Amino acid sequence: MKPQIFDLHCDTALEMVLKEQPLKQNNLHLDLTRMEEYDGYIQVFAAFVDKKSIRVTPMEHCLSLLKKLHTEIEENKETISLIRTVQDLERVKEGKGLGAILSLEGGEALHGSLNALWMYYQLGVRLITLTWNWSNELADGIMEERGGGLTDFGKQAVAMMEELGILVDVSHLSIKGFWDVAEVTQKPFVASHSCVQALCKHPRNLSDAQIDCLVARRGGMGINFFPEFLSDDGECSIRQILSHMEYVLERGGENILGIGSDFDGVSALPQGMQGVEDIHALILGMQRFGFSQKLIEKILFDNFHRIFAESLPDARKVYAK
Ligand SMILES: [Zn+2]
């Protein structure tokens, strides 16, 4: 079986810039040559900002990453195309080609401006992870002791994101922030790269109540491949990824579950996994765990395709806003 893949999160953009690597073929976790081994691949590429580690403003930093992504996609346009509308999404799906969706990881890139949000939308951003681990103008991240929820600006930004067709992502967000998002949003939202807290106590992982909420809202949950989020002692193999998937399935998560690999955003991967080429091994594991063909297709592609099909703007309206 050569399935289509839909991965909700990677940090390859920053690694490409830091290590001066191209997207076509590199020694990072992910490149186009290896993605082509699958029968179609849609990757959400994050422009990640940690405001404590950069020397320029968050906006300057994110713009440089988005520029890198646009340049690489343009240079490889025979292979990969940018998905900005629901029509783009369907074209890539039907052609079983490679597609890129741009995202921001860290709402500090907005600098508290709704006009900046509109600018990022025009640059093709179609998912925003509201916070990284710290606080910003939208909300507090999970590592802020204060644990604040959405600010007034955060609520305005989330409303505008839903109107434009930018998916709201709660990975890294504070617990109060998560529940504020659940209250103020109308559409499905996602935790793009988060695991199960009942199986690994890391604060970045989701509680049962949060998973149940995503199930009820028909949102999305991308299982992260980072060993520290998969097992309490950080020792793990592909088997732990499957265990986190099974747990979500047992809570009724058949229609929300997917992968949010965090490729190139993590310092380690599970044993037996070096990068995107080893999703084949994950698929084999799913088959061995007794997942049906239909369930495997839902997890690898169909669930996240459904959410973006509901969220992305229509091409006929995209420039009218
Ligand atoms: Zn992250």
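Residues numbered from 1 in each chain as written. Predicted model: local features only at pLDDT ≥ 70, side-chain atom pairs only at ≥ 80, totals over all residues. Heavy atoms only, no water.

Some details on the nonpolar core
Grouped together as the largest cluster of nonpolar side chains are 93 residues, with contacts concentrated most on Leu104, Tyr120, Met245 and Ile279. In terms of nonpolar packing, the next biggest core, distinct from the first, is built from 17 residues, Val44, Leu89, Phe301 and Phe308 among them. (Core = buried A, V, L, I, M, F, W, Y, C linked by side-chain atoms within 4.5 Å. Buried < 20%, exposed > 50% of the residue type's maximum accessible area, 1.4 Å probe, protein only.)

Describing the coordination of the zinc ion
Taken together, Glu105 (OE), His172 (NE2) and His193 (NE2) make up the full set of protein donors to the zinc ion, lying 2.0 to 2.2 Å away. All donors to the zinc ion come from one chain, and their sequence spacing reads E-x66-H-x20-H. Here Glu105 is found in strand E4 (residues 98-105), whereas its partner His193 is found in the loop between strand E7 (190-191) and helix H8 (208-216), with 88 residues between them in sequence. Of the two residues, Glu105 and His193, neither departs from the other in class, the shared state being buried. (Donors = N, O, S within 2.8 Å, 3.2 Å for Na, K, Ca; no water. Helix = DSSP H or I, 4+ residues; strand = E, 2+ residues; numbered from the N terminus.)

What to know about helix H11 (residues 279-288)
Taken residue by residue, H11 has Ile279, Leu282, Ile283, Gly285 and Met286 as its buried positions. One side of H11 holds all its buried residues, which, seen down the axis, span an arc of 160°. In the core, the buried residues of H11 are packed alongside strand E1 (5-10), strand E2 (41-48), helix H10 (238-250), strand E9 (257-259) and helix H12 (293-311). Positive phi shows up at Gly290, right after H11, with a value of about 90°. (Arc of directions from axis to C-beta. Contact = heavy atoms within 4.5 Å.)

A short note on the packing of aromatic side chains
To describe a pair of aromatic rings, you give the distance between the ring centres and the angle between the ring planes. Counting across every chain of the model gives 11 aromatic pairs. Their ring planes at 15° and their centres at 5.5 Å tell us that Phe6 and Phe308 sit as a pair that is stacked. Linking Phe6 in strand E1 with Phe308 in helix H12, this pair joins segments that are 302 residues apart in sequence. Judged on exposure class, the residue Phe6 and its partner Phe308 are both buried. Note on Phe178 and Phe189: the rings are 5.7 Å apart at their centroids and 75° apart in plane angle, and the pair reads as edge-to-face. With Phe178 in helix H7 (residues 175-184) and Phe189 in the loop between H7 and E7, this residue pair connects regions lying 11 residues apart in the sequence. Phe189 matches Phe178 in its accessibility class, with the two residues each being buried. What links up through ring pairs into an aromatic cluster is the set Phe6, Phe301, Phe304 and Phe308. (Phe/Tyr/Trp six-rings, centres within 6.5 Å; stacked < 30°, edge-to-face > 60°.)

Details of the side chain of His9
Along the chain, His9 turns up in strand E1. In terms of polar contacts, His9 uses its side chain to reach the side chain of His193, at 3.5 Å. (Polar contact = N/O pair within 3.5 Å; in protein donor to acceptor, adjacent residues only side chain to side chain.)

Brief notes about the packing of helix H5 (residues 114-122) against helix H6 (residues 152-164)
Relative to each other, H5 and H6 sit at 30°, their axes nearing to 10 Å. Classed by the angle they form, the pair H5 and H6 counts as roughly parallel. When you trace H5 past H6, the crossing you get is right-handed. Taking contact as the criterion, the partners of Leu114, Leu117, Trp118 and Tyr121 in H5 are, on H6, Phe153, Gln156, Ala157, Met160, Met161 and Leu164. (Axes fitted to C-alpha atoms, helices over the stretch in contact; angles between N-to-C directions. Parallel < 35°, antiparallel > 145°, perpendicular 65-115°, else oblique. Left-handed = near helix turned anticlockwise from the far one by under 90°.)

Considering H12
When the terminal C-alpha atoms of H12 are compared, their 26 Å separation across 19 residues agrees well with the 27 Å that a helix rising 1.5 Å per residue should span. Largest kink in H12: about 55°, centred on Ile299. (Expected span 1.5 Å × (residues − 1). Bend = angle between axes of the 7 residues up to and from the residue.)

Quick word on unusual backbone geometry
Positive phi, close to 50°, is recorded for Lys96, a residue that is not glycine. The residue Lys96 is located in the loop between helix H4 (86-95) and E4 in this model. Residue classification places Lys96 among the partly exposed residues on the basis of a relative accessible area of 42%.

Some thoughts on the environment of Ile142
Residue position: Ile142 is located in the loop between strand E5 (125-129) and H6. You can call Ile142 buried: its relative accessible area is 18%. Spatially, the C-alpha atom of Ile142 lies 34 Å from that of Lys93, the residues being 49 residues apart in sequence. Ignoring anything within four residues of it in the chain, the contact list for Ile142 reads Trp132, Asn133, His172, Leu173, Ser174, Ile175, Pro203 and Arg204.

Remarks on the pairing of E1
Where burial is concerned, most of E1 is hidden: six out of the six residues are buried. Across four bridges, E1 lies against E2 in parallel orientation. Bridge pairing in E2 places Cys10 opposite Phe45. (Pairing = 2+ DSSP bridges.)

Quick look at the pairing of strand E8 (residues 220-223)
Residue alternation in E8 divides its side chains into two sets, Gly220 and Gly222 and Met221 and Ile223, and both sets are buried. Here E7 pairs with E8 via two bridges, running parallel. Opposite Val190, over in E8, you have Gly220 as the bridge partner. What joins E7 to E8 is H8, and the crossover it makes is right-handed. Here E8 runs beside E9; their pairing, made up of three bridges, is parallel. Bridge pairing in E9 places Gly222 opposite Gly258. (Right-handed = clockwise from strand over helix to strand, strands pointing away.)

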